[in-house]
Structure formats: C-alpha cells, structure tokens
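Observations on the model geometry
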Amino acid sequence: MTAELPFLPFSRPTIDEETIAAVGEVLRSGWITTGPKNQAFEALLSEYCGGRPVRTFNSGTCTMEIALRIAGIGPGDEVITTPISWVATANVIIEVGATPVFADIDPLTRNIDLDKLEAAITPRTRAIIPVYLSGLPVDMDRLYDIARKHNLRVVEDAAQALGSQWKGKPIGAFGDFVSFSFQANKNITTGEGGALVLNNADEARLAEKYRLQGVTRSGVDGIDVDVLGGKYNMSDINAAIGLGQMKNLEKLTAHRASLAQHYFDCFGDDFEAKYGAQLPMKAFGSSNWHLFQIILPDNGPGTRAEFMTRLQKEHNVGTGYHYAPIHLFTMYRERGFTEGMFPVSEKIGRLTVTLPMFNAMSKADVERAVAAVKAVLAK
Ligand SMILES: *Cc1c(COP(=O)(O)O)cnc(C)c1O
C-alpha cells in the first residue's frame, strides 16, 4: 500500500523559479563561460568564509587536486585520509603523484579517527585530507593541533559540509585549504561545480593558473604560461545556479536539522536496542545534515542489498550508500591494500545506508521512511 505512494528518492535538487530565470538571463546575455556570475559567486562564498579568498571550479575533485599542487605535494610525499569517502578524496593524492595512506574511522562519527591519523604520520607525511562525512566535522581543534605539531598541510574535503559549523564558526571560515562541492546531490548545487577556500592572494593567483591552463594575462594582449594548469573553470550558467542556491543556505540548513530531529523522534530511543541498528550522532549545532545514515545490524534479516531492494520494492523509498571502503577497490588493492587493514571502515562500508534527506523533503516523508525501515528490519 505504501508502494503506491510516489517514489521518495534519497536525494533530489531543488532549483527555484527565480534561479531558473537567472540561468535564462545568462544564456541570453552573450557571455556563458566564466565571467561576472562567477565573480559574484566567489565574492558571496568569500563573504560566507569570513573574507578568505575563494575560487570556483568545475568540481569538488579538482579543488583538492589543485590544493595539493599549490602545497607542492607530489612524488615521495604521503597524504593521509579516510577509507570511507567518495573515491575522489584518495584519487587526487595519486593524481599528483603522492602516496595515499589511510587511517581507520571512528565507529560513532564515521569520520577519520584522529588518534589513528596521528599514529599513521611518518617523516614523509606532508598533508592530511579529513572528510566531513554527512556534513559532520571532525574535532577541528584537535585536527589543527596535529597539523601544527607535525607541520602538515590540511586539505579539508568539505564537499558535504557547506553550512556546517565548528563552535559557531562556519566550516570554510578558518583552517587551511577547504574544498566544497556543488555536485547535484549536495545541499547547495550548481549542477556540477566546486570551490576552494585559500589562505592568501598568492595561493589564489596560483589556483587561478591551475584552473585555466596556467595562463596569466596582462595588459591588452599579454599572455604567459609558467605552470602546467588544466581546464577546471566554472561556467556562468553554473555560477548563476549557485548564486540562487546560496540565498537559501541558512533556511535549508535549518530545515534539514528539523528533518534530522524528526528522524530521531520517529525512530525513538529504543530503535537501536530493538533492531540492532545504529543512528548517526545527534550533531545538532555542527552538522548541516547532508546525509542521514544508519548502520544496519550485522546479523539482520538480510544483506544491505536486500534491505535497499525491499525498501524500494515494498515501500517505494530510495536509499544510497556512502561509501564503499576505498582501499578495497581494485586499483588500491594493486597498491598493496587488503581486507582487514581498516576493520571499522570495512564494517561500516558494508552496513551503511543513506536514508532520504533533501531540501524539499517534508516531515511526512521522514515518517514514511522510518516506517519503511522499521517494517523491513522487523522481518
Ligand atoms: C561529492 C564529493 C566529492 C567530489 O565532488 P565532485 O564535485 O563530485 O567532484 C568529494 N568528496 C566527497 C566527500 C564528496 O561527497
């Protein structure tokens, strides 16, 4: 009977009519690539990040790669990150010629375990890439204590964390490099896109070069290339979407928090004990609630695939899983990683399920998702 309700996806972007009209204006304007809309979007993001320099890009992957390049990280250098992330986080380390090193996650936050991170530091470690999974920051004080103590650069993979806070300060408004993604499922989207928060004007200039073929222009017709850049600029079509989306950041972050609260209320205090499943941390005040993820019971009524299939077939409720442990992908196994190296990541990678959470979702949708989860876990 619930299967007859419309499909409830785990994520869906919301673009308002005003933003759609703004995109139309860009398309009619005669200037659709990087231009005034990007300048305005960068200025807005910079203002949000406490005045720090921000540059836009066409993904939240190249942002991290470019941050590593700006930091001068390459062959012979080690970079520590988490196995539980989108594979982009580790791929960029390989892309610049450095060596990825993983540290296992904390079973409660599901973010990199900072004790294990510190234990993984060697004389070759140059940088760390923490990931704020589902929008939950790590202990930022501890993170930067470790970075300072060991003289490491930090590239924050804050792809999921625009709108998240640490002790009242927005993620992006402090720290070292901070990378955001505006991919379609993120809280704020540009269709595809990313932004990198930098430390000073020199880094920002270098970021601009890496963004566009290493080019520096001067005067009327001056042009030079002194570093190997790529093609990573954001179009004004995308930036116009971002400008329209950013207007709603505060409102939608609050809405997502209220949906998360409703999830906790509907699951109830006895859910974990009764079903053997695990809810996320109640990180109100820090998380932007990008994802609402539960961990299925290890000896539940079926596999995760069966759980996801039944939720969809019997209740028309969509789910996702974020993420499969990176170190077990073929390309990483070929670099020497194997099963058993990061047991917490492997367990959570096998049992994590992402429930519906998006800006246009209602409390009734939450109730429907919770009822479906309970029904499937009950048999
Ligand atoms: C989305 C995401 C990325 C990659 O962002 P793109 O814009 O898709 O390149 C990287 N890391 C995490 C944790 C993400 O969620």
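We now turn to the structure provided with this report. Everything numeric here is computed off the predicted structure, so don't read it as measured data. (Residues numbered from 1 in each chain as written. Predicted model: local features only at pLDDT ≥ 70, side-chain atom pairs only at ≥ 80, totals over all residues. Heavy atoms only, no water.)

1. A look at the overall build of the protein chain
When helices and strands are tallied, the protein chain shows 14 helices and 13 strands. Over its C-alpha trace the protein chain gives a radius of gyration of 21 Å, about what one expects of a compact globule, namely 21 Å for 379 residues. Judged by the C-alpha coordinates and their principal axes, the protein chain covers about 70 × 55 × 35 Å. Burial status across the protein chain gives 55% buried among its 379 residues. Expressed as a percentage of contacts within the protein chain between residues at least 6 apart in sequence, the contacts between residues at least 24 apart total 70%. Summed over all atoms, the accessible surface of the protein chain reaches about 16,300 Å², with 54% contributed by carbon and sulfur. Within the protein chain, the 43 negative side-chain charges are centred at a point lying 2 Å from the centre of the 38 positive side-chain charges. (Helix = DSSP H or I, 4+ residues; strand = E, 2+ residues; numbered from the N terminus. Rg over C-alpha atoms; globule rule 2.2 N^0.38 Å. Buried < 20%, exposed > 50% of the residue type's maximum accessible area, 1.4 Å probe, protein only. Contact = heavy atoms within 4.5 Å. Areas by Shrake-Rupley, 256 points an atom, 1.4 Å probe, with all protein chains shown as cover. Lys, Arg positive; Asp, Glu negative; His and termini not counted. Charge placed at Lys NZ, Arg CZ, Asp CG, Glu CD.)

2. Focus: the site of the ligand
Taken together, 16 residues sit near the ligand, with G60, T61, D157, S181 and K186 positioned nearest. With respect to the ligand, the side chain of Q160 contributes an N or O atom lying 2.9 Å from an oxygen atom. (Near = heavy atom within 4 Å. Polar contact = N/O pair within 3.5 Å; in protein donor to acceptor, adjacent residues only side chain to side chain.)

3. Here we look at empty space enclosed by the protein
If you walk through the whole model with that rule in mind, you get three cavities of 30 Å³ or more. What the largest cavity holds in volume is close to 100 Å³. Looking at the lining of the largest cavity residue by residue, the classes come out as eight nonpolar, four polar and one charged. Per-domain counts for the lining of the largest cavity show at least three residues from each of domain 1 (2-10 + 249-378) and domain 2 (17-246). Space inside the second largest cavity adds up to approximately 60 Å³. For the second largest cavity, the lining is made up of 14 residues, of which R12, P13, K186, N187 and N359 are closest to its centre. Of the residues belonging to the lining of the second largest cavity, the class tally is four nonpolar, seven polar and three charged. The residues that make up the lining of the second largest cavity include at least three from each of domain 1 (2-10 + 249-378) and domain 2 (17-246). (1 Å grid on protein atoms, 1.4 Å probe; cavity = no way out; pocket = protein on both sides within 12 Å on 5 of 7 lines; lining within 4 Å. Points joined across faces, edges and corners; volume = space filled by probe spheres on them. Nonpolar A, V, L, I, M, F, W, Y, C, P; charged D, E, K, R; others polar. Domains from an automatic or database assignment.)

4. Here we look at helix α3 (residues 62-70)
Burial within α3 is extensive, with eight of its nine residues counted as buried. For α3, the full list of buried residues reads C62, T63, M64, E65, I66, A67, L68 and I70. Immediately beyond the C-terminal end of α3, within one or two residues, lies G72, with a positive phi of roughly 75 degrees.

5. Notes on the pattern of salt bridges
Taken as a whole, this structure holds 18 salt bridges when the rule is applied. Measuring nitrogen to oxygen at the nearest pair gives 2.9 Å for the salt bridge that ties E65 to R69. Residue E65 and its partner R69 are both found in helix α3; the two are separated by four residues, about one turn of the helix. Residues joined in a network through salt bridges with shared partners are D115, E118, R142 and K149. (Salt bridge = Lys/Arg side-chain N within 4 Å of Asp/Glu carboxyl O.)

6. Let's talk about the nonpolar core
With 40 residues, the main nonpolar core has I80, L117, M140, L143, I171, F180 and F182 as its most contacted residues. Taken together, the elements giving at least two residues each to this core come down to α2 (36-48), α5 (114-119), α6 (140-149), β8 (177-181), β9 (194-197), α8 (236-246) and α9 (249-267). If one sorts the elements of this core by residue count, α6 sits on top with five residues. Filtering out sequence-adjacent residues up to four positions away, F180 remains in contact with C49, G60, T63, A158, A159, A161, L162, I171, G172, G194, A195 and V197. Counting 37 residues, the second largest nonpolar core, distinct from the first, contains L8, I295, F358 and A372. (Core = buried A, V, L, I, M, F, W, Y, C linked by side-chain atoms within 4.5 Å.)

7. Looking at the packing of aromatic side chains
On inspection of all chains with the given rule, the structure shows 15 aromatic pairs. Ring centres 6.2 Å apart and planes at 40 degrees place the aromatic pair W86 and Y323 in the tilted group. Placement of W86 in the loop between β2 (78-81) and α4 (88-95) and of Y323 in the loop between α11 (304-315) and α12 (330-333) is noted, with a sequence separation of 237 residues between them. Look at W86 and you get exposed, because its relative accessible area is 53%. Looking at Y323, the relative accessible area reads 10%, which means it is buried. Taken together, Y263, F264, F267, F271, Y275, F284, W289 and F292 form an aromatic cluster joined through their ring pairs. Over the ring of F174 we find K169, and its NZ or CZ is 4.8 Å from the ring centre. (Phe/Tyr/Trp six-rings, centres within 6.5 Å; stacked < 30°, edge-to-face > 60°. Lys NZ or Arg CZ within 6 Å of the ring centre and 35° of its normal.)

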